[in-house]
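Geometric and topological summary
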Amino acid sequence: MERTVLSPALSGKFISEKAQHVKIEMKGIERLGEEIFSSLRENKLQIPETGAKSIHPDKTHPKAVDWVFILDALNFCFWSKNKETQWTVCGYTGYYALEAALHRAIQEDINILNPEYYSKITNSELSNILRGDTNAVIPLLDKRLSVLHEVGNILIKKYNSTFETCLKDSNKSAVKLLSIVVENFPCFRDEAVYKGQRVSLYKRAQILVSDLWNFYDGSGSGEFHDIDEMTMFADYRVPQVLVYFGALTYSDELMEKLNKDMLLPNGSEEEVEIRGCSIHAVELIKEKTGQLIKEAALRTEVPNSSLIDYYLWCYRRKYAQEMEKIPYHKTLSIYY
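The following refers to the structure shown. (Residues numbered from 1 in each chain as written. Predicted model: local features only at pLDDT ≥ 70, side-chain atom pairs only at ≥ 80, totals over all residues. Heavy atoms only, no water.)

Where helix α3 (residues 64-73) contacts helix α10 (residues 203-215), the two axes come as close as 9 Å, and the packing angle between them is 145°. α10 is crossed by α3, and the crossing has right-handed handedness. Between α3, through Ala64, Val65, Val68, Phe69, Asp72 and Ala73, and α10, the contact on the second element is made entirely by Arg204, Ile207, Leu208, Asp211, Leu212 and Phe215. Of the residues belonging to the contact of α3 with α10, the class tally is 9 nonpolar, no polar and 3 charged. (Axes fitted to C-alpha atoms, helices over the stretch in contact; angles between N-to-C directions. Helix = DSSP H or I, 4+ residues; strand = E, 2+ residues; numbered from the N terminus. Left-handed = near helix turned anticlockwise from the far one by under 90°. Contact = heavy atoms within 4.5 Å. Nonpolar A, V, L, I, M, F, W, Y, C, P; charged D, E, K, R; others polar.)

Shown next as structure tokens:
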């Protein structure tokens, strides 16, 4: 078996070339390229309005970097089997609910940004921080507890108790920061073996880098000279949009499993193909968008993969009801 781990971009290409259950459709890629192109205004991609506002810290907050780090350390597995058991906080769902819960904890003077605290946090303390509007509990609470213990202890032992040290060590390189994160924090090491080859998806690690870039508008703590090297963030919702637009198609067998709400194990062939093909599909959408910009002779930067991912993620939220006719895969995993 190959010991070399392919980068997410190379993993996506490798997986898409060998996939048996998932196929990239060029008609859908072209359609989405045109969708992205048509959404460019004044040298910027206009993101669909979701109606929900992010509850991020102010950029001047002394612990803003650690706030983003903790959000992305806990940013996984929000889906529920049905709406009745859906975890919500202050009316928000999914990632926005997590933001709301952490913001509330900080307002309540809980020291959730300090690894000295969360490296030893108890189940009951975390349950209180992540308490929902109803009796519904956030999925994988025990795993989130383990993640906080893991990353907290690593920050204390290796990085002077702050993620800012990792950021400084990266020297404004997104690729370097990604490497620091996946090599030193096992819970971010989102890898699998596919057809005998070690592949990487790195959803949470890449979104952490891109979130810092986006949060700081590409300057200061968010300045990375190679941010365009990041791929999309392979989760369970963006593939749903790719299928909706016809950029991905699933085999009848896979579609039947999804329609029956069958769980796909993390690392299984079908799950890896959905995620890997999603990565490569977005790379192709980026290429198509660039081609359209060139043909139109626009002085506009080609949106990078993280921006295209965010566009698709927000598109799914904006048209949530319409998207329900497309089944999405469900996996119990700390990686997305």
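On we go.
Moving on: the environment of Phe188. The topology assignment puts Phe188 in the loop between α9 (174-184) and β6 (191-194). Residue Phe188 is classed as buried on the basis of its relative accessible area of 1%. With 59 residues separating them in the primary sequence, Phe188 and Ile129 have C-alpha atoms 22 Å apart. When residues no more than four places from it in sequence are discounted, the contact partners of Phe188 are Phe69, Asp72, Ala73, Val151, Val181, Val182, Tyr202, Arg204, Ala205, Leu208 and Tyr335. (Buried < 20%, exposed > 50% of the residue type's maximum accessible area, 1.4 Å probe, protein only.)

To continue, consider the environment of Leu126. By secondary structure assignment, the location of Leu126 is in helix α6 (residues 123-129). As a C-alpha pair, Leu126 and Ile70 span 56 residues in sequence and 13 Å in three-dimensional space. Setting aside residues no more than four positions away along its own chain, Leu126 makes contact with Ile121, Leu141, Arg144, Leu145 and Leu148.

What follows deals with the state of the cysteines. Under the defined criterion, the tally for this structure stands at 0 disulfides. This cysteine, Cys314, is not joined by any disulfide, and Cys90 carries the nearest cysteine sulfur, 20 Å off. Taking the relative accessible area as the measure of exposure, Cys314 reaches 1% and is therefore buried. (Disulfide = S-S within 2.5 Å.)

On to unusual backbone geometry. The backbone of Cys77 sits at a positive phi, close to 50°, despite the residue not being glycine. Structurally, the position occupied by Cys77 is in the loop between α3 and β4 (88-89). Assessed through its relative accessible area of 1%, Cys77 is described here as buried. The phi dihedral of Asn171 is positive, around 55°, even though this residue is not glycine.

Our next topic: the side chain of Asp309. Residue placement: Asp309 occurs in helix α14 (residues 305-318). Contact partners of Asp309, with chain neighbours within four places excluded, come to Met232, Phe233 and Val238.

This paragraph deals with the pattern of salt bridges. Counted according to the given criterion, the structure contains 13 salt bridges. One salt bridge in this structure joins Lys63 and Asp66, with 3.9 Å as the shortest N-O distance. Among the residues examined, Lys63 registers a relative accessible area of 33% and is labelled partly exposed. On the basis of relative accessible area, Asp66 is assigned to the buried category, the value being 1%. A salt bridge links Arg275 to Glu271, with the nearest nitrogen and oxygen atoms 4.0 Å apart. Of this pair, Arg275 and Glu271 both sit in helix α13 (residues 269-295), 4 residues apart, roughly one helical turn. One exposure class covers both Arg275 and Glu271, and it is buried. One salt-bridge network, held together by shared partners, links Asp190, Glu271 and Arg275. (Salt bridge = Lys/Arg side-chain N within 4 Å of Asp/Glu carboxyl O.)

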